[in-house]
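So the chains spell out like this:
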Amino acid sequence: MTSEELMRRVRELEITTRHAVTEVLAGEYSSAFKGRGMEFAEVREYQPGDDVRAIDWNVTARAGRPFVKRFTEERELTVMLLVDLSGSGRFGSVDRLKQELATEVCALLAFAAIRKNDRVGLLIFTDRVELYIPPKKGSRHTLRLIRELLAFRARGIGTDLRCATDHLARVLKRRAVVFVVSDFLMEDYEEPMRRLRHASRGHDAVAIRVSDPRERALAQGWGPGLIEIEDAETEEGSGARRLVDTSSGRVRRLFEANARRREGRFESAMQRLGVDTVGVSTGKAYIHDLAVFFRERNRRR
């Protein structure tokens, strides 16, 4: 992608995602996530009806008359985008790759965050931490995150979620809303998500699972016969390929059953951990799915 193409794509994403935030997600994002708690605002003289538990006894003793502490809800959030750009994301059978869909979702979340004056950061990972950009505010910073996601070429092809969550635990000094954007096709996602959710700062973790229709139904859109399937997260030429007979009903049923079992295992694991999930697919519009997720989360709150 040339620099001109990159800037054009950044501009396209900025326009479409800003429109979606304004027209579809207005209010949904801000009400779905809590701030970090109550922030001290001021000390003022006691008035009839004030809660006596709010009395500041030190100031009261010095002044000789009662004073109370006043607090306001601290709305500002730190939002972290943990984005999986491993080899399996370079697959798509509709109109975009899973990796491209992940970037669009991250752009929408980033613009929703800066609209509410939240800080946004980015961590790209594969089988290693590829890039970390600390959380900051502002449109220029958000546009930089989007440019990095669009132009980034990962060195690794495998997936290691643990290295990403461990790195985040070292560098992030405050509680955050952490969106983990991945296809979650790795086997060992439960323990890293547990550590993220139950760390000392207790991050509010959300798992955004990116998928493609061909990962659920083998024969959908394909003609009958033999096809070659390759593991995208192994080195080229390693022999991680196999021929699959898509004309076999038994093969198709086994493929679909394995897909359902994989999705069920993921949902059950996240439910046990108290991690909210939302699924997006290259085969359909994702903005509605995110809006429904935010709305449902707000209703539960």
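Since this is a predicted model, take the numbers as computed values, not measurements. Positions within a chain are numbered from 1, following the residues in the order the chain's sequence is written. Local features in this predicted model are restricted to residues whose pLDDT is 70 or higher, and side-chain atom pairs enter the listing and the counts only when it is 80 or higher, whereas totals over whole chains, interfaces and linings include all residues. As a convention, hydrogens and water are excluded, and side-chain values are obtained from all of the structure's heavy atoms.

Q: I tried to follow the overall build of the protein chain on my own but got confused; where do I start?
A: Each helix corresponds to a stretch of at least 4 residues labelled H or I by DSSP, and each strand to a stretch of at least 2 residues labelled E; elements are numbered beginning at the N terminus. In terms of helices and strands, the protein chain carries nine helices and 10 strands. Accessible area is worked out with a 1.4 Å probe on protein chains only. A residue is then buried under 20% of its type maximum, exposed over 50%, and partly exposed in between. The buried share among the 301 residues of the protein chain stands at 46%. Should any heavy atoms of two residues lie within 4.5 Å, those residues are considered in contact. Within the protein chain, residue pairs in contact and separated by at least 24 positions form 75% of the contacts whose partners lie at least 6 positions apart. To be clear on the numbers: accessible area is Shrake-Rupley with a 1.4 Å probe, and residue cover counts the displayed protein chains and nothing else. Summed over its atoms, the accessible surface of the protein chain is roughly 15,700 Å², and 48% of this surface lies on carbon and sulfur atoms.

Q: Quick question: what am I supposed to make of the sheet that holds strand E3 (residues 78–84) here?
A: In a beta sheet, neighbouring strands pair by backbone hydrogen bonds and run either parallel or antiparallel. Note on pairing: DSSP must find at least two bridges between two strands before they are called paired. Overall, mixed pairing links the six strands, which are arranged E5-E4-E3-E6-E7-E10 in an open sheet. The open sheet has two edge strands, strand E5 (129–136) and strand E10 (276–281), and neither has a second partner. With strand direction ignored, the average angle separating the axes of adjacent strands in the sheet is 15 degrees. Summarising the sheet, E3 and strand E4 (residues 119–125) pair through seven bridges and their orientation is parallel. Pairing of Leu 82 across the sheet is with Leu 123, part of E4. All axes here are fitted lines through C-alpha atoms, helices being fitted over the stretch that makes contact, and every angle between N-to-C directions spans 0 to 180 degrees. Sheet contacts for helix H7 (residues 190–197): strand E6 (177–182) and strand E7 (204–211); angle to E7, the most-contacted strand, approximately 150 degrees.

Q: Teacher, can you tell me more about unusual backbone geometry here?
A: Backbone geometry follows two general trends: most residues other than glycine have a negative phi, and most peptide bonds adopt the trans configuration. Phi at Asn 117 takes a positive value of approximately 65 degrees, unusual for a residue other than glycine. Its place among the elements puts Asn 117 in the loop between helix H4 (98–115) and E4. The exposure class of Asn 117 is partly exposed, given its relative accessible area of 44%. Phi is positive for Phe 184, close to 50 degrees, though the residue is something other than glycine. Examined against the element boundaries, Phe 184 turns out to sit in the loop between E6 and H7. In this structure Phe 184 comes out as buried when scored by relative accessible area, which is 3%.

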